[in-house]
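Single-letter residue listing:
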Amino acid sequence: MSDQREAIRSNAKYLRNVRPIDPDEICEYVEGTPHPAVVRQHLREDAVDLGLLEREDGTFVPVEDDPVPPRRGPIERFPARYESRVEDFLVDRYGVNWHEGPTGELLRSTVRRFKASYLDGRRVEYDDDVAAGYAIYHLPAYYAAVQYALDDLADRVLLDRTLRVLDVGAGVGGPALGLVDYLPGDALVEYHAIEPSAAADVLDELLEETGRNVHATVHRTTAEAFDSDAVADDDFTPAHPDDGFDLVLACNVLSELEDPRAVAESYLELLAPDGTFLAMAPADKNTSIQLRELERELEGRPIDVALDDPDELTDRQRGRAGRVTVYGPTVRLWSGKTPSDRGWSFDVRPDLSVPSFQRNLDEATPPNDPNHDPGEFVNVDVQFSYSLLRLDGRRRIDLDPDTSEWARMADMERHVTNRIDLVAAKLSRSLSGGDDRGDGRSGRSNPLFKISDGSESIDHYAVCTTETSLNRPLLEADYGDVLAFEQILALWNDDEEAYNLVVDEETIVDPIG
């Protein structure tokens, strides 16, 4: 490090707790009196290491210590600034009328091709056109999904305003943009993306919209070939290179890898002691079940970590620390028990408004196209599976129920036809066609929900046959919420080869915080 740069850092460290750091002031204290623009550039490059936010007036201030609060309410649309950037990208690559004529046909056939490949379980080769098609078709929903998953961390005050993030298989940037927009404006992010394909070109364009306090680097390599030592060789100095990443994202990529377990294990070893590994997958049966199987394979794996303050943990958390622990949304309510059912579980959130680029591509489809149904190229469904893994032993809901008071799903066979008391997480929206609006009003069909206590080997479902004020919390609960059921009726469903737990006028349901 040059003497000039070290002098700038020393002055910044002194002033950071006194007053806003002004490059115009610091240049006067540095030998050679460098231009303020030079000072500002050095401060930007060292901002993460120094914990400094750059303000709109060009001065720098320390990042606040307050954790990130959860963001309540639905995500209604893909932001206009990103929408415009995608449109500009498409215009630059394909021309003003990108959605019409030969280029429109190219993009529509590309989207059809990668959708068919995905449904057939074939790998997709990411060339320039596929990257553009992914930006059109998948970007908005991925942007929204990651924010709902982050709520699980913010709810428990586990998301800091200063974050080191590693995004494995970053694609065209949906999770990256969602993360940045989830954080408050006074957050500081050191963001590393791993993306070898042409999708990185789209990602680079969109990252330019993320603001001055997102320090981003795109590593154009595969997840398997990435060298974590390269992180320290970038244009800025990592804050604590030995402490690992606060958040590792692996969104919609694990199902495309030859050995997802080996890759996931290698990136879990890059986590900070109190960091989180967030894996996401589409909600379809194959990838969702594959994600849950991977979660179970990774659970309990030892990872060498040194906790900053283990005294802050409970005895149960300390007993799990240093091993991969499932934080959520699935649960492990019974000590020593893990589920072995098929594990198909996914969340569903409100649809987004249709982005202009999806509408344009869809509406420009020639009317004589026999394969086109209106809305074919619109994808605003927010449906996703996810898993949050940690190394400090923490779980979103950490209970220690007593078998003398509560039934275990592992023992459900001996409870059939009896009314029992049960503690379980709600792990679906309504699966029956009945409404699950969260407003306490059921639809015409009996609402049916997947539930789990983490001990089951067979699928369990709660079916609400009679809604009352005392069992309404089942309908109102969010995905992943844990509920206590009193006087629920246990039945076996031969057709589905699953247990149905009947919620009726005799059943009381209470949320467990």
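Residues numbered from 1 in each chain as written. Predicted model: local features only at pLDDT ≥ 70, side-chain atom pairs only at ≥ 80, totals over all residues. Heavy atoms only, no water.

A word on the overall build of the protein chain
Part 1: Scanning the protein chain for helices and strands turns up 15 helices and 16 strands.
Part 2: Taking 24 Å as the expected radius of gyration for a compact globule of 513 residues, we find that the protein chain reaches 25 Å, a close match to that expectation.
Part 3: Along the first, second and third principal axes, the C-alpha set of the protein chain runs to 85 × 70 × 40 Å.
Part 4: Taking all 513 residues of the protein chain together, the buried fraction comes to 55%.
Part 5: Counting contacts in the protein chain only where the partners sit at least 6 residues apart, residues at least 24 apart contribute 76% of the total.
Part 6: Carbon and sulfur atoms make up 44% of the accessible area of the protein chain, which amounts to about 22,400 Å² in all. (Helix = DSSP H or I, 4+ residues; strand = E, 2+ residues; numbered from the N terminus. Rg over C-alpha atoms; globule rule 2.2 N^0.38 Å. Buried < 20%, exposed > 50% of the residue type's maximum accessible area, 1.4 Å probe, protein only. Contact = heavy atoms within 4.5 Å. Areas by Shrake-Rupley, 256 points an atom, 1.4 Å probe, with all protein chains shown as cover.)

Things to note about helix α7 (residues 128–137)
Part 1: Burial of α7 is extensive: eight of the 10 residues sit out of reach of the surface.
Part 2: Every buried residue of α7 is listed here: V130, A131, A132, G133, Y134, A135, I136 and Y137.
Part 3: Residue D127 occupies the N-cap position of α7, its side-chain oxygen lying 3.2 Å from the main-chain nitrogen of D129. (Polar contact = N/O pair within 3.5 Å; in protein donor to acceptor, adjacent residues only side chain to side chain.)

Here we look at the packing of helix α8 (residues 139–154) against helix α9 (residues 174–182)
Part 1: Two numbers describe how α8 lies on α9: the axes approach to 7 Å, and their chain directions differ by 50°. Regarding the angle of α8 to α9, the classification is oblique. In terms of crossing hand, the pair formed by α8 and α9 is right-handed. For the pair α8 and α9, contact is made by L139, Y142, Y143, V146, Q147, L150, D151 and A154 and by G174, P175, L177, G178, L179, D181 and Y182, respectively.
Part 2: Its residues assigned to classes, the contact of α8 with α9 comprises 10 nonpolar, three polar and two charged. (Axes fitted to C-alpha atoms, helices over the stretch in contact; angles between N-to-C directions. Parallel < 35°, antiparallel > 145°, perpendicular 65-115°, else oblique. Left-handed = near helix turned anticlockwise from the far one by under 90°. Nonpolar A, V, L, I, M, F, W, Y, C, P; charged D, E, K, R; others polar.)

Focus: the nonpolar core
Burial of nonpolar side chains together is a common tendency in soluble globular proteins.
Part 1: One finds L90, Y191 and L278 to be the most contacted residues of the largest nonpolar core, which totals 81 residues.
Part 2: Considering every element that reaches this core, the biggest residue donor is α8, with 10 residues.
Part 3: Grouped together as the second largest cluster of nonpolar side chains are 29 residues, V168, L271, L298 and L389 included. (Core = buried A, V, L, I, M, F, W, Y, C linked by side-chain atoms within 4.5 Å.)

Focus on the packing of aromatic side chains
Two measures describe an aromatic ring pair: the distance that separates the ring centres and the angle between the ring planes.
Part 1: Applying the stated criterion across every chain yields a total of 13 aromatic pairs.
Part 2: For the pair F226 and Y267, a centre-to-centre distance of 6.3 Å together with 20° between the ring planes defines the contact as stacked. Taken together, the residues span a long stretch of sequence, with F226 in the loop between β5 (214–219) and β6 (245–251) and Y267 in helix α11 (residues 260–268) at a distance of 41 residues. Both residues of the pair, F226 and Y267, count as buried.
Part 3: Put simply, the rings of F78, Y82, Y143 and F357 pair up and form one aromatic cluster.
Part 4: The residue whose ring lies beneath R408 is W334, and the NZ or CZ to ring-centre distance is 5.7 Å.
Part 5: Positioned above the aromatic ring of F449 is the side chain of K426, whose terminal nitrogen or guanidinium carbon lies 4.4 Å from the ring centre. (Phe/Tyr/Trp six-rings, centres within 6.5 Å; stacked < 30°, edge-to-face > 60°. Lys NZ or Arg CZ within 6 Å of the ring centre and 35° of its normal.)

Quick look at the pattern of salt bridges
Part 1: The tally for this structure, following the rule as stated, stands at 49 salt bridges.
Part 2: The closest approach of N and O atoms between E467 and R472, which form a salt bridge, is 3.2 Å.
Part 3: Taking relative accessible area as the criterion, R472 reaches 28% and is therefore assigned partly exposed.
Part 4: If you follow the salt bridges from partner to partner, you end up with R5, E6, R9, E45, D46 and D49 in one network. (Salt bridge = Lys/Arg side-chain N within 4 Å of Asp/Glu carboxyl O.)

Considerations on the side chain of E195
Part 1: Along the chain, E195 falls in the loop between β4 (188–194) and α10 (199–207).
Part 2: No salt bridge forms around the buried E195; measuring N to O, its nearest opposite-charge neighbour R220 is 8.5 Å away.
Part 3: In this structure the side chain of E195 is engaged in a polar contact, spanning 2.7 Å, whose partner is the backbone nitrogen of G171.
Part 4: When residues no more than four places from it in sequence are discounted, the contact partners of E195 are G169, A170, G171, A200, H219, R220 and T221. (Lys, Arg positive; Asp, Glu negative; His and termini not counted.)

Topic: the environment of Q358
Part 1: Here Q358 lies in helix α14 (residues 356–363).
Part 2: Considered as a pair, Q358 and D66 are 292 residues apart in the sequence and their alpha carbons are 38 Å apart.
Part 3: Each residue touching Q358, except ones within four places of it in the same chain, is listed here: I136, Y137, P140, F377, V378, N379 and V380.

A few points about the pairing of β6
Part 1: In terms of burial, β6 is largely enclosed, as six of its seven residues are buried.
Part 2: Pairing analysis gives three bridges linking strand β3 (residues 162–168) to β6, with the strands arranged parallel. Its bridge partner lying in β6, V165 is registered against L247.
Part 3: Summarising the sheet, β6 and strand β7 (residues 271–282) pair through six bridges and their orientation is parallel. (Pairing = 2+ DSSP bridges.)

Notes on the pairing of β3
In the case of a regular strand, side chains alternate between the two sheet surfaces.
Part 1: Along β3, six of the seven residues are buried, which leaves the element largely enclosed by surrounding structure.
Part 2: Pairing between β3 and β4: seven bridges, direction parallel. Residue pairing in the sheet places V168 in a bridge with I194 of β4.
Part 3: Following the backbone out of β3, through α9 and into the adjacent parallel β4, one traces a crossover that is right-handed. (Right-handed = clockwise from strand over helix to strand, strands pointing away.)

Side note on the packing of helix α5 (residues 80–94) against α10
Part 1: The geometry of α5 relative to α10 is characterised by a closest axis approach of 10 Å and an angle of 135° between their N-to-C directions. Relative to α10, the element α5 lies oblique. The two elements α5 and α10 meet at a crossing, and its hand is right-handed. Judged by residue contacts, Y82, R85, V86, F89 and R93 of α5 engage D201, V202, E205 and L206 from α10.
Part 2: Its residues assigned to classes, the contact of α5 with α10 comprises five nonpolar, no polar and four charged.

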